Amino acid sequence: MGFLSPYLILDMTNEKGLLAGKILADLGAKVIQLEPIQGSSARNIGPFVNDGAERGKSLFWEAYACNKRGITCNIDTKKGLDLFKKLCEKADFLIESEEPGSMARRGLSFEDLHQINPHLIHVSITPFGSDGPKANYADSDLILWAAGGALYPNLQDDRPPVRVTLPQSYMHAAADAAVGALIAHFSRLKSGLGQHVDISAQRSVAQNTLSRILSASVGDFEYEKNSIYSLSAASNKKIFDKDGGGSKTAQTKWKVKDGYVEMNLSMGPSSGRLTNNLMKWLAEEEALEEKYTNLDWRKVPELIRNKELGWDEVDYIYEKIASFLKHFSKNELMEIAVTKKVPMAPVQSFKDLAENKHLNARGFWIDCQSEDRQLRMPGRFARTSVDGFEFNRLAPKLGEHNFEVYGEIIGLKSDEVEELMNQGVI
């Protein structure tokens, strides 16, 4: 039995919030994905099956709608709205990612639904929250990173900030939504009353990138002005990497015998100690002169500023490390990195991940099967001594469970469901 198996969740999110329902579904909740009759916009997000050859078969949808049953409902019709309210009467949670105010305009605000079902926890996922000066601002992933403060440190010389590789802002927001729903549930266990959980993607981005702010508390005060080490092809300007994240370093991908590993040589008081671990290993292997392996990378920025260490010497260290690492395989380096506490990761292909011994040993992958297809999916996001996770089905086809859900929850007969489908209500 799953941790949340007694609970029914109505999930009407699109790509902005699918992950929240997925997390709760994996914990055993009975999650019903409600889509407009034309289908969720998330179904149009790639990648698609067979490298795009089968457009319409979205792997994004398969990943984030997995483990849910699927129904359709046009809540902008009177009959659809009535059906939706009846579903809310029976639900324990409602998760939505509608534009601020749109639920209220339909008579579906938290206060409205609280009258129907005081037990219901209503989770909203919006760009900037349900109220406030920016509540109705337009959004994109890039806008949210900028508004959350995480984009600013990505300035490089006089160039504008660069975007995050893949959209992530709403992933953070959706994860926060799942956590917020469970906190509200904990409160409901005592009070019996639901509440509104109001998630702002801007806030989620800011909270998940606090390391930039926290680095100042350990002495990295100057990151805003040329504090990141960078070797730009277009510029010979040298700046320091003091965040340890590797996004600004001269080199983060290192060629090895069978591919690449990810590693950055961070400098400064917050993360330079990690590079010191690498230097200890290089000293043991006599791969670099002692005067460099003895450097304390927590103080390297200071040494450079005082002209006690030259940028040409830093470049030389990079070259020596690159020459040394290319004689190892990814697996050989990972065994060493774990032993020596060097922050390094192999650059994994999908095939590497599927065959990864560690992931397989911990049961990360699960095989899900439906009538016409079978997929290997990521499984438990945590391993617990009492297994309360459940994986029951692949992502639903459009309206796949209309008969089952409307019959089970509202008590509609098959001919009534069919008539509603013919009328375009569901």
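Parameters and conventions
- Residues numbered from 1 in each chain as written.
- Predicted model: local features only at pLDDT ≥ 70, side-chain atom pairs only at ≥ 80, totals over all residues.
- Heavy atoms only, no water.
- 1 Å grid on protein atoms, 1.4 Å probe; cavity = no way out; pocket = protein on both sides within 12 Å on 5 of 7 lines; lining within 4 Å.
- Points joined across faces, edges and corners; volume = space filled by probe spheres on them.
- Helix = DSSP H or I, 4+ residues; strand = E, 2+ residues; numbered from the N terminus.
- Nonpolar A, V, L, I, M, F, W, Y, C, P; charged D, E, K, R; others polar.
- Pairing = 2+ DSSP bridges.
- Core = buried A, V, L, I, M, F, W, Y, C linked by side-chain atoms within 4.5 Å.
- Buried < 20%, exposed > 50% of the residue type's maximum accessible area, 1.4 Å probe, protein only.
- Contact = heavy atoms within 4.5 Å.
- Phe/Tyr/Trp six-rings, centres within 6.5 Å; stacked < 30°, edge-to-face > 60°.

Turning our eyes to something else, we now look at the layout of surface pockets. Empty space within the largest pocket amounts to approximately 1400 Å³. Lining of the largest pocket is provided by 38 residues; of these, L59, F60, A63, Y64 and P378 occupy positions nearest its centre. Of all the secondary-structure elements, those providing two or more residues to the lining of the largest pocket are helix 1 (18-26), helix 2 (59-64), helix 7 (169-191), helix 15 (350-355) and strand 13 (374-378). A class-by-class count of the residues in the lining of the largest pocket yields 23 nonpolar, 6 polar and 9 charged.

With respect to topology, 3 strands assemble into an open sheet ordered 9-10-11, the strand pairing being antiparallel. Either end of the sheet is taken by a strand with one partner, and the two such strands are strand 9 (253-256) and strand 11 (345-346). Relative to strand 10 (residues 259-262), strand 9 is paired through 4 bridges, and the arrangement is antiparallel. Its bridge partner being in strand 10, K253 is matched across the sheet by E262.

Moving on, we get to the nonpolar core. Counting residues in each nonpolar core, the largest one holds 35 residues, and the members touching the most others are L24, V123 and I125. Listed by contribution, the elements that provide at least two residues to this core are helix 1, strand 6 (93-96), strand 7 (121-126), helix 7, strand 8 (196-200) and strand 12 (365-369). Examining the composition of this core, we find that 7 residues originate from one element, helix 7, more than from any other. Look past the residues within four positions of V123 in its chain and what remains in contact with it is L94, I95, E96, A177, A181, V197 and I199. Residues M263, M279, L282 and L333 belong to the second largest nonpolar core, which totals 33 residues.

What follows is about the packing of aromatic side chains. This structure, assessed with the given rule, holds 12 aromatic pairs. A centroid spacing of 6.3 Å and a plane angle of 75° characterise the contact between F128 and Y137, whose relative ring orientation is edge-to-face. Since its relative accessible area comes to 7%, F128 is described here as buried. For the ring pair F324 and F328, a centre distance of 5.2 Å and an interplane angle of 65° mean the geometry is edge-to-face. Overall, F324 belongs to the buried group, its relative accessible area being 13%.

Function cannot be inferred from these measures alone, as they are strictly geometric.
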